[in-house]
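For reference, the chains in residue letters:
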Amino acid sequence: MTMKKTTLAIIASAALTVSLSARDQIKMVGSSTVYPFASAVAEELGATTKYPTPVVESTGSGGGMKLFCAGVDLNTPDITNASRRMKPKEFQLCEKNGVTDITEAVIGFDGIAFAQSKSNNPFSITKKQLALAVAAEVPDKNGNLIANPYKKWSDIDASLPNREIIIYGPPKSSGTRDAFEEMVMQATFKKMKEYTSLYEKDKEANKGYKKYSKVRQDGVYVPSGENDNIIVQKLNKNKDAFGIFGYSFLVENEDKLIGAKVDGVMPTPEAIASHKYPIARSLFFYIKNAHEKEVPAIKDYVKLFMDEMMIGKGGILTEIGLIPLPDETRKAIRESVAKREKVTLEALKASH
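Now for a look at the structure at hand. Each chain carries its own residue numbering, running from 1 in the written order of its sequence. Totals for whole chains, interfaces and linings use all residues, but because this is a predicted model, local features are given only for residues with pLDDT of at least 70 and pairs of side-chain atoms are given and counted only at 80 or more. Calculated side-chain values reflect all of the structure's heavy atoms, with hydrogen atoms and water omitted.

### Section: the pattern of salt bridges
- Salt bridge criterion: a side-chain nitrogen from Lys or Arg within 4 Å of a carboxyl oxygen from Asp or Glu. One pass over the structure, following the stated rule, counts 18 salt bridges.
- The salt bridge partner of Asp240 is Arg163, with a shortest N-O separation of 4.0 Å. A residue pair is termed long-range when its members are at least 10 positions apart, and Asp240 in the loop between α9 (228-237) and β10 (242-246) and Arg163 in the loop between α6 (153-156) and β8 (167-169) qualify at 77 residues.
- Exposure remark for Asp240: the relative accessible area of 32% places this residue in the partly exposed category.
- Asp255 is the salt-bridge partner of Lys256, the closest N and O atoms lying 3.8 Å from each other.
- Judged by relative accessible area, which is 56%, Asp255 ranks as exposed.
- What you see here is one network of salt bridges that share partners, running through Glu308, Lys313, Asp327, Arg330 and Arg334. Segments assigned H or I by DSSP are reported as helices when at least four residues long, segments assigned E as strands when at least two residues long, and all are numbered from the N terminus. Exposure classes here rest on a 1.4 Å probe applied to the protein chains alone. A residue is buried below 20% of its type maximum, exposed above 50%, and partly exposed in between.

Structure representation (structure tokens):
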């Protein structure tokens with residue numbers, strides 16, 4: 001091989017190495033609830049910096065965690081969005097695959113809306129009634145658990161309308177589903193002896209009744225994918241139906257949908273921020289710090305997302321449904337993210 005050819009080969013090899021070891025465009029996956037917020041920040045980054053607009057995929061919180069934790073290669077996501085905190089078992093999967101330097105960012109609050117077509121009369125329900133509507137098993141008159149027989153809301157309580165129960169909600173891979181199961185179902189059934197006594201009787205055989213959240217599969221609860229806009233479309237077609245999704249989608253579709261009262265409280269920014277609305281939660285994204293050197297846009301994107309102009313009171317993201325954190329909390333989290341403080345297994349276990 002001539003000197004000229006050898007030099008060209010070295011240059012080509014170096015260029016290939018660079019293309020494989022660095023990229024300008026951020027890759028994100030995760031929560032459909034966080035998706036509108038992450039997309040808004042991504043578009044702002046693309047419009048105001050030298051970097052291309054990041055790619056944001058809506059895979060669900062659980063699906064995003066699997067992709068994020070698959071490894072540190074640059075073909076894996078840089079960031080995953082989540083509508084609930086990372087689970088300890090997800091952190092352990094990350095560790096197993098070499099993803100050991102992760103920073104958690106909390107961006108604000110969100111409520112889980114239980115909503116219907118605006119053409120219906122207002123609807124009010126308790127958290128217990130909602131749990132009994134979606135549970136696979138419910139107590140009969142003798143206190144025994146049986147397959148859920150409820151077909152109409154009035155079957156659960158005579159004070160509720162004589163209206164078919166049909167609920168379009170998130171699938172198992174969704175963080176909204178996780179949060180709903182925890183805040184509505186588990187919170188309700190841990191106070192009901194029909195479930196807890198089974199667990200106490202045989203903790204090994206009946207461990208599923210300690211935190212009961214088994215959703216019925218008889219067609220009453222219909223998993224509707226990771227795109228919450230599909231649920232919105234279905235509610236416009238079926239006026240009897242209700243949907244379960246993040247508050248931001250209720251804000252975006254307030255001309256078509258109305259939220260139901262839960263325990264007497266409407267989902268509003270004030271009620272969600274104060275946790276008076278009983279189905280409120282925090283929203284997150286997780287940064288794979290090992291990618292930051294090879295994907296320099298991450299630094300600018302994260303800084304922009306955590307800026308007051310995005311997540312502060314009156315920030316851009318509040319216009320599409322994000323509920324801001326308290327001032328001091330927001331400041332502390334911003335500083336933690338700026339320092340790229342690491343998530344620990346102990347902290348995740350303590351929060352679950």
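### Observations regarding the side chain of Arg177
- Within the secondary structure layout, Arg177 lies in helix α7 (residues 175-189).
- Residue Arg177 is classed as buried on the basis of its relative accessible area, which comes to 6%.
- Residues are treated as being in contact if the distance between any of their heavy atoms lies within 4.5 Å. Apart from the residues within four sequence positions on either side, Arg177 is in contact with Pro170, Pro171, Lys172, Val215 and Tyr221.

Keep in mind these numbers describe shape, not what the thing actually does.
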